[in-house]
Amino acid sequence: MVVLRAGLCPGLTEEMIQLLRAGGIRTVVDFVSSDLEDVAQKCSLSYKALVAVRRVLLAQFSAFPANGADLYEELKSSTAILPTGSPSLDQLLDSGLYTGEVTELMGAPGSGKTQVCLGIAASVSLGLKQHVLFLDSTAGFTASRLYQIFQGHTEDKEEQAALQRVQVVRVFDIYEMLRALQELRDGLSQQVLSSMGPLKVLVIDSVSAVIYPLLGGRQSEGLAIMMQLARELKTLAREFSLAVVVTNQVTRDSSSNAPLKPALGRSWSFVPSTRVLLESKEGSGERGGRQRLACLAKSARQPTGIQVELDIG
Amino acid sequence: MQRDVGSLPLAPALRARLVAAGFQTAQELLETGPCGLSKEIGISKEEALEALQVVRQECHGDAARTTGGSGTTRKCTALELLEEEQAQGFIITFCSALDNILGGGVQLRKITEICGAPGVGKTQLCMQLAVDVQIPECFGGVAGEAVFIDTEGSFMVDRVVDIATACVQHCQLIAEAHQEEDHLKAMESFSLESVLSHIYYFRCHDYVELLAQVYLLPDFLSEHSKVRLVVVDGIAFPFRHDFEDLSLRTRLLNGLAQQLIIIANDHKAAVVLTNQMTTRIGQSQSTLVPALGESWGHAATVRLIFHWDNSQRLATLYKSPSQKESTIPYHITPHGFRDVQAPAATQNAQGTEMNPRKRPRREEQEL
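Residues numbered from 1 in each chain as written. Chains lettered and ligands numbered in written order. Predicted model: local features only at pLDDT ≥ 70, side-chain atom pairs only at ≥ 80, totals over all residues. Heavy atoms only, no water.

In the annotation of an unreviewed UniProt entry, the entry for chain B reads DNA repair protein RAD51 homolog 3, and the organism field reads Ramphastos sulfuratus. What UniProt states about chain B under its Sequence similarities (unreviewed entry) heading is, verbatim, "Belongs to the RecA family. RAD51 subfamily." (UniProt positions renumbered as here; feature names shortened; annotations may be inferred.)

In the nomenclature of an unreviewed UniProt entry, chain A is known as DNA repair protein RAD51 homolog 4 of Ramphastos sulfuratus. Under the UniProt heading Sequence similarities (unreviewed entry), the entry covering chain A gives this text: "Belongs to the RecA family. RAD51 subfamily." What UniProt states about chain A under its Subcellular location (unreviewed entry) heading is, verbatim, "Nucleus".

(A) Fine view of the UniProt feature "domain: RecA family profile" (unreviewed entry) in chain B. This chain's UniProt record puts "domain: RecA family profile" (unreviewed entry) on residues 87–277 of chain B. Between the C-alpha atoms that bound residues 87–277 of chain B the distance is 35 Å, and the span itself is 51% helix and 18% strand. (Helix = DSSP H or I, 4+ residues; strand = E, 2+ residues; numbered from the N terminus.)

(B) Summary view of the pattern of salt bridges. Summed over the entire model, instances satisfying the criterion amount to 7 salt bridges over all chains. Notably, a salt bridge pairs A:Arg301 with A:Asp94, separated by 3.7 Å at the nearest N-O pair. A residue pair is termed long-range when its members are at least 10 positions apart, and A:Arg301 in the loop between strand 11 (290–298) and strand 12 (307–310) and A:Asp94 in the loop between helix 6 (87–92) and strand 2 (97–98) qualify at 207 residues. Classification of A:Arg301 by relative accessible area gives partly exposed; the value is 35%. The salt bridge partner of B:Glu84 is B:Arg109, with a shortest N-O separation of 2.4 Å. Within this pair, whereas B:Glu84 is found in helix 4 (residues 78–87), its partner B:Arg109 is found in the loop between strand 3 (106–107) and strand 4 (111–116), the two being separated by 25 residues in sequence. You can call B:Glu84 partly exposed: its relative accessible area is 31%. Since its relative accessible area comes to 16%, B:Arg109 is described here as buried. (Salt bridge = Lys/Arg side-chain N within 4 Å of Asp/Glu carboxyl O. Buried < 20%, exposed > 50% of the residue type's maximum accessible area, 1.4 Å probe, protein only.)

(C) Inspection of the interface of chain A and chain B at higher detail. Between chain A and chain B, the contact holds 61 residues from the first and 54 residues from the second. Together, the buried faces of chain A and chain B total about 5300 Å²; carbon and sulfur atoms form 51% of this surface. It is A:Arg170, A:Phe172 and A:Arg179 in chain A that bury the most area against chain B; as a group they hold 14% of the surface buried on that side. Across the contact surface, chain A and chain B share 1 salt bridge. At the junction of chain A and chain B, the tally comes to 11 residue pairs in polar contact (both at pLDDT 80 or more). It is helix 10 (residues 174–189) of chain A that contributes the most residues to the side of chain A that touches chain B, 7 residues altogether. (Contact = heavy atoms within 4.5 Å. Buried area = accessible area lost by both parts, 1.4 Å probe. Polar contact = N/O pair within 3.5 Å; in protein donor to acceptor, adjacent residues only side chain to side chain.)

(D) Local environment of the sheet that holds strand 7 (residues 227–233) of chain B. Residue and element names in this part refer to chain B. If you walk across this open sheet you meet the 9 strands as 6-5-7-8-4-11-12-13-14, and the pairing is mixed. Here the strands that pair on one side only, and so sit at the sheet edges, are strand 6 (199–203) and strand 14 (336–339). On average, adjacent strands in this sheet sit at an angle of 25° to one another, irrespective of strand direction. Here strand 5 (residues 145–150) pairs with strand 6 via 5 bridges, running parallel. (Pairing = 2+ DSSP bridges. Axes fitted to C-alpha atoms, helices over the stretch in contact; angles between N-to-C directions.)

(E) Spotlight on the domain arrangement of chain B. Each domain of chain B was delimited in the assignment, giving domain 1 (5–61) and domain 2 (81–339). Taking the mean C-alpha position of each, domain 1 of chain B and domain 2 of chain B sit 44 Å from one another. (Domains from an automatic or database assignment.)

(F) Quick look at helix 8 (residues 181–189) of chain B. Residue and element names in this part refer to chain B. Among the residues making up helix 8, those that are buried are His183, Ala186 and Met187. All buried residues of helix 8 fall inside an arc of 105° around its axis, so they share one side. Exposed positions of helix 8 whose direction lies more than 90 degrees from the buried face are Glu181, Lys185, Glu188 and Ser189. Lining the buried residues of helix 8 we find helix 7 (157–178). (Arc of directions from axis to C-beta.)

(G) Region of interest: the packing of aromatic side chains. Counted under the stated rule, the structure contains 10 aromatic pairs over all chains. Taking 5.5 Å as the distance between ring centres and 80° as the angle between the ring planes, the aromatic pair formed by B:Tyr200 and B:Phe220 counts as edge-to-face. Residue B:Tyr200 is found in strand 6, and its partner B:Phe220 is found in helix 10 (residues 207–223); the two are separated by 20 residues along the sequence. In textbook terms, an aromatic cluster arises when at least three aromatic residues are bridged by ring pairs, as seen for B:Phe148, B:Phe155 and B:Tyr201. We note A:Arg301 situated over the ring of A:Tyr98; from NZ or CZ to the ring centre the distance is 3.5 Å. Sitting over the face of the ring of B:Phe94, B:Arg338 holds its NZ or CZ atom 4.7 Å from the ring centroid. (Phe/Tyr/Trp six-rings, centres within 6.5 Å; stacked < 30°, edge-to-face > 60°. Lys NZ or Arg CZ within 6 Å of the ring centre and 35° of its normal.)

Here's what the structure looks like:
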């Protein structure tokens, strides 16, 4: 809802704006959707000037329609599929993480979300030699564990270089998280290489920890900020071709027998395009220990309900 | 800075007005200035000035932050984190099996949660940790001070005296055995009085006091910068009764958890919380699960569950970012938290040791 202001476009002067306001037109949308002949008569402005201003405003503020074939070509050239480091999870995700999309991992405490995130960071940083940005809001990122995963994968001395490619930012508040994302966006759009390098994966562990303190109660500001975050993530993923991985909690309805459902509610459920539920069950017979299962809960490409077994090394 | 107005930390009513007036980015706000702003959205000049102050701080605060603020820079590579972690110490528990499954002891900068049925030893471990955090560095400790926030009233000073005396004696023995310079010097300042004087005790009677205490803690910690452990004994107690609005409870608890993790990170301290257990009635059986609901389970970084197996106390590591799940037995002796040893143990003090055949519910030990 952009307000008409002098200087918004060449033909728009202060007196024009005052006259338009007197006629009841305050924003760009009002201007563009009104009948210009009426406006010219009511506000005694020249029709030609109004048409010129309208053309510029439309060019500035409207979205460009794109051809489906062009879109497909563009997607084919810009989307990459990144391996997650676990072949069974790759199979679940239709061969890996897609850039340009938001993928969500959800699970009960102790089900392995942070471990899977560390595995993804390890595989991208070591295998593909790309940079990873890890936004940690639960202090669950343990560098020694990441190091351990590296050591399990490779014998060379590449671990140091791989560790340097993983950048960690600890954010414990929603505003800090938004600020970190803004910095990332500024950094990427100015293409400041410095220590960032070619960033391909953004991991956020976890997004519900920063949003939960705002939800509930009777104010709806929490929802507004949550959707602000959602918009940031989706634009980042799309504009800069990043694969965004998010972890979420699960919660239960008040009755003690209700099944687990993902946290953050219905509004958030539209944000990720793929959702994976991680569970850990008591192991069966021969292996003892715990069995970790990943189940596909929402996907644009695969049928939901597929379950695979994960191996967290 | 092209920071969206919707993402700035302003009051919701103000934010709504700004968006309705058509402001989209922080840059536009700064350009308009306080007079223009107060005219456009109809607020007083002082409020406009305050709001712009906040915006300016947000946008330019990042620049100041990246050039090295006092420990609030939280951006680093994994390599730097690894070096930091390896240099960091652990708070040992004097029970080597428990230290092993925790990966060396209670880690700094993380929240550790201890859940268990009544009488299993949660408060004992908290008191043990409050003493152990003060062990000097030459003996392998962290040489820090402790903050003990008590909501249940289960902190017994006499018991802490017992535990501290045993700890000081233990270090004394090591110092005498090795006869090294720094050991002896450290022993001069490590005594019962110093241990007790470095445990800062707060008593909170309800959840409002607890929240207030936790929000005031950063100021306290900046004055007492040697604090390395914050214990909240009984985080479930104030929240479990008389709370009609459960969503408010979840909100408060999550806010509390985030505040604690900020404290843990900024002041390089370990936070230890104790939780109660509750019963979940399933279809055919009932199980004991930690209290405070599902969402609270995500608040702690490391979760330990203490439980009984006949007469043996067991500790299970249920959730940890770096260690595998495992279960170990432990013991509570007059000297504190210890490993389970063979029956011909040396820790008997006048026969008050746990009798493994009887269910150990002696008054002297359960406090």
